[in-house]
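Understanding the architecture of this molecule
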Amino acid sequence: MAEQSLTVFLKLVAAGFYGLSSFIIVVVNKSVLTNYRFPSSICVGLGQMVATVVVLWVGKALGVIHFPDFDTNIPRKIFPLPLLYVGNQITGLFGTKRLNLPMFTVLRRFSILFTMFAEVMLLKKKFSRPVQLTVIAMIFGAFVAASTDLAFDLEGYVFILLNDVLTAANGAYVKQKLDSKELGKYGLLYYNALFMIVPTLVLAHLTGDVQKAMEYDGWADTVFVFQFVLSCVMGFVLMYSTFVCTQYNSALTTTIVGCIKNILVTYIGMVFGGDYIFSWTNFIGLNISIAGSLVYSYIIFTEEQSSKTSEGTSKVEIKGKIAV
């Protein structure tokens, strides 16, 4: 009984850890890039890569975690994840900077639609009609909200929709690479970040982002520096918490926790974001999308439970037949 209680406790802690990490990084990134007007999303992404490499390298040096040492086969084993990783990270940061939090979270729901397309085409997976209808509701709500977004920013919309596509592709390839078990979760995280540090630094130099970051006049502000460092560290913490939540619970639980987090971010962004412009049509569209995401989570959860129940019944029947 005590062991079962501990397991439940660990599951709750893992889910809470992921939800809190996911919430904090969105809010902190928004504060750094919008409230403090830090001029370089690329440099924030670069900081997150460096933090990931340092934390994992120290962890391996101390024997806390393990992943393969570098060899000439690793680039082949990990490709194209580093490209998807950096693209996903940079487009997400650009989108965060240019969009208000409510529209950011609603447009991120397009990643569910793109993921469904990818699974249908690549994995030949089929989705039930209720799931299809709830995804349509989420997307419809996003379109309604966008139609009267008084703070409309074309570049922001392009970046976040690109981010949705890259998120879907990244998720599919991460699953493929984890299933192969060649590098493990820490190896994927470490080499993803390591391989893209130099190319990202070159990109930041060519675009003038390094110069802009060095000339930024907020480095004397202790609160800004704290938030910038927190953003860098949270880039790693978020990826790690996603693995932990999925490990102790399931990918389903991770999805549901992320959905609840997005709802909180949407409403908090309306009140405290500072860049949300209210209109009734936009507000109604946001709430249609939120309602769709809640129903989506409920349907996915009940379908998963039904699947487990069916599997359990099948096993009992098979055992009974063997016994006879």
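What this report covers is the structure whose coordinates are included nearby. Note that the structure is a prediction, hence the values are computed from the model and not measured. (Residues numbered from 1 in each chain as written. Predicted model: local features only at pLDDT ≥ 70, side-chain atom pairs only at ≥ 80, totals over all residues. Heavy atoms only, no water.)

A word on the packing of helix α2 (residues 41-61) against helix α4 (residues 81-98)
Between two packed helices, the angle of one axis relative to the other and the distance separating the axes together describe the packing. The N-to-C vectors of α2 and α4 enclose an angle of 135°; their axes lie 9 Å apart at closest approach. In terms of orientation, α2 lies oblique with respect to α4. When the axes of α2 and α4 are compared, the crossing they make is right-handed. Between α2 and α4, the residues in contact are S41, I42, V44, G45, Q48, M49 and T52 and Y85, V86, Q89, I90, L93, F94 and K97, respectively. For the contact of α2 with α4, a count of residues per class yields eight nonpolar, five polar and one charged. (Axes fitted to C-alpha atoms, helices over the stretch in contact; angles between N-to-C directions. Helix = DSSP H or I, 4+ residues; strand = E, 2+ residues; numbered from the N terminus. Parallel < 35°, antiparallel > 145°, perpendicular 65-115°, else oblique. Left-handed = near helix turned anticlockwise from the far one by under 90°. Contact = heavy atoms within 4.5 Å. Nonpolar A, V, L, I, M, F, W, Y, C, P; charged D, E, K, R; others polar.)

Topic: α4
Its 18 residues give α4 an end-to-end C-alpha distance of 26 Å, which sits within 8% of 26 Å, the value for a rise of 1.5 Å per residue. When you tally the buried positions in α4, you get 14 out of 18 residues, the bulk of the element. (Expected span 1.5 Å × (residues − 1). Buried < 20%, exposed > 50% of the residue type's maximum accessible area, 1.4 Å probe, protein only.)

Re the nonpolar core
Among the nonpolar cores identified, the biggest contains 53 residues, and L56 and V135 are the most heavily contacted of them. Discounting residues that sit within four places of it in the chain, L56 has contacts with I65, F67, Y186, L189, Y190 and F236. If you look at the next biggest cluster of nonpolar residues, it comprises 13 residues, including L33, F38, F224 and C232. (Core = buried A, V, L, I, M, F, W, Y, C linked by side-chain atoms within 4.5 Å.)

Side note on the environment of P199
You can see P199 is positioned in helix α9 (residues 184-206). Judged by its relative accessible area of 38%, P199 is partly exposed. Considered as a pair, P199 and V86 are 113 residues apart in the sequence and their alpha carbons are 9.7 Å apart.

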